[in-house]
Amino acid sequence: MTTQTAPAMSGTIPPHIPKELVRDVDIFSIAAVDGDIHLGWHALHDGPDAIYTPRNGGHWIFTRAEDIHAIYRNHKDFSNEIVAVPPVVKSMRFAPAEVDPPELDQYRRALAPAFMPKSLARYEQIARDLAIELIEAF
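Cut-off values and rules
- Residues numbered from 1 in each chain as written.
- Predicted model: local features only at pLDDT ≥ 70, side-chain atom pairs only at ≥ 80, totals over all residues.
- Heavy atoms only, no water.
- Helix = DSSP H or I, 4+ residues; strand = E, 2+ residues; numbered from the N terminus.
- Buried < 20%, exposed > 50% of the residue type's maximum accessible area, 1.4 Å probe, protein only.
- Pairing = 2+ DSSP bridges.
- Polar contact = N/O pair within 3.5 Å; in protein donor to acceptor, adjacent residues only side chain to side chain.
- Contact = heavy atoms within 4.5 Å.
- Phe/Tyr/Trp six-rings, centres within 6.5 Å; stacked < 30°, edge-to-face > 60°.
- Salt bridge = Lys/Arg side-chain N within 4 Å of Asp/Glu carboxyl O.

Q: Please clarify how unusual backbone geometry should be interpreted in this entry.
A: Backbone geometry follows two general trends: most residues other than glycine have a negative phi, and most peptide bonds adopt the trans configuration. At the junction of Val 85 and Pro 86, the peptide bond is cis and its omega measures out at -5° in the coordinates. Position of Pro 86 among the secondary structure elements: in the loop between helix H2 (65-73) and helix H3 (103-111). A cis geometry characterises the amide bond from Ala 95 onward to Pro 96, with omega recorded as 5°. Tracing the backbone through its elements, the reader meets Pro 96 in the loop between H2 and H3. The phi angle at Asp 34 is positive, at roughly 50°, despite the residue not being glycine. Taking relative accessible area as the criterion, Asp 34 reaches 75% and is therefore assigned exposed.

In structure tokens:
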């Protein structure tokens, strides 16, 4: 991860973004550390928990699970309608992943029964058998 001053970075930084949270990070070009791309991504944890990059259309990068969980529940400030990097406005959305409440609630009501423990229990033995088969194939 490289840090540069804002004028050297590509893209526009909105005026409400605190300068101390701006980093020059291209998520499509994270450098591997000792040959491990995961260590390259992990290096993002060395900075603030949330950073803004003007790369690829400008977007936030959050590095802590608690923050990501809170963001997924905060549809007012972090909409799911455009989730692509770089941002792409499409004529068709990928529901329910790109839908915000209250419309999202309709999808949740329709899908929730399929993900209840009783419904998922039907697949436990199938998943177990498949896992054993795949492991034994190694």
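Q: What's the story with the pairing of strand S1 (residues 50-53) in this structure? I'm lost.
A: Both faces of the sheet carry side chains from a regular strand, because those side chains alternate between them. Residues Ala 50 and Tyr 52 point to one face of S1 and Ile 51 and Thr 53 to the other, with burial holding for every one of them. Bridge count for S1 against strand S2 (residues 59-62) is four bridges, and the pairing is antiparallel. The residue bridging Thr 53 from the neighbouring strand is His 59, located in S2. Hairpin geometry of S1 and S2 is characterised by an intervening segment of five residues between the two adjacent antiparallel strands and by a positive phi of about 55° at Asn 56.

Q: Quick question: what am I supposed to make of the side chain of Thr 53 here?
A: Structurally, Thr 53 can be placed in strand S1. Judged by relative accessible area, Thr 53 falls into the buried class, the value being 0%. Within the local environment of Thr 53, its side chain forms a polar contact with the backbone oxygen of Arg 23, the two atoms lying 3.3 Å apart. Setting aside anything within four residues of it in sequence, one finds Thr 53 in contact with Arg 23, Asp 24, Val 25, Gly 58, His 59 and Ile 61.

Q: What is the right way to read the environment of His 38 from this model?
A: Within the secondary structure layout, His 38 lies in helix H1 (residues 37-42). Spatially, the C-alpha atom of His 38 lies 27 Å from that of Val 88, the residues being 50 residues apart in sequence.

Q: When you look at the packing of aromatic side chains in this model, what are you seeing that I'm missing?
A: In this description, an aromatic ring pair is defined by two values, namely the gap between the centres and the angle between the planes. For the structure on display, the rule yields three aromatic pairs. An angle of 75° between the planes, with centres 5.5 Å apart, marks the rings of Tyr 52 and Trp 60 as edge-to-face. Ring centres of Phe 62 and Phe 78 lie 5.7 Å apart, and the angle between their planes is 85°; this geometry places the pair in the edge-to-face category. Within this pair, whereas Phe 62 is found in strand S2, its partner Phe 78 is found in the loop between H2 and H3, the two being separated by 16 residues in sequence.

Q: What should I look at first to understand the pattern of salt bridges in this one?
A: Two side chains carrying opposite charge are able to pair once their charged atoms lie near each other. Scanning the model with the defined rule gives six salt bridges in all. A salt bridge links Glu 98 to Lys 90, with the shortest nitrogen-to-oxygen separation between them at 2.9 Å. Judged by its relative accessible area of 7%, Glu 98 falls in the buried class. Between Glu 103 and Arg 93 there is a salt bridge, and its shortest N-O distance comes to 3.1 Å. Taken together, the residues Glu 103 in helix H3 and Arg 93 in the loop between H2 and H3 connect sequence positions 10 residues apart. Judged by relative accessible area, Arg 93 falls into the partly exposed class, the value being 37%.

Q: Would you mind going over the environment of Ile 71 with me for this structure?
A: Following the sequence through the fold, Ile 71 ends up in helix H2. Considering only alpha carbons, one finds Ile 71 and Val 22, 49 residues apart in sequence, at a separation of 19 Å. In this structure Ile 71 touches Phe 62 and Phe 78, once residues within four positions along its chain are discounted.

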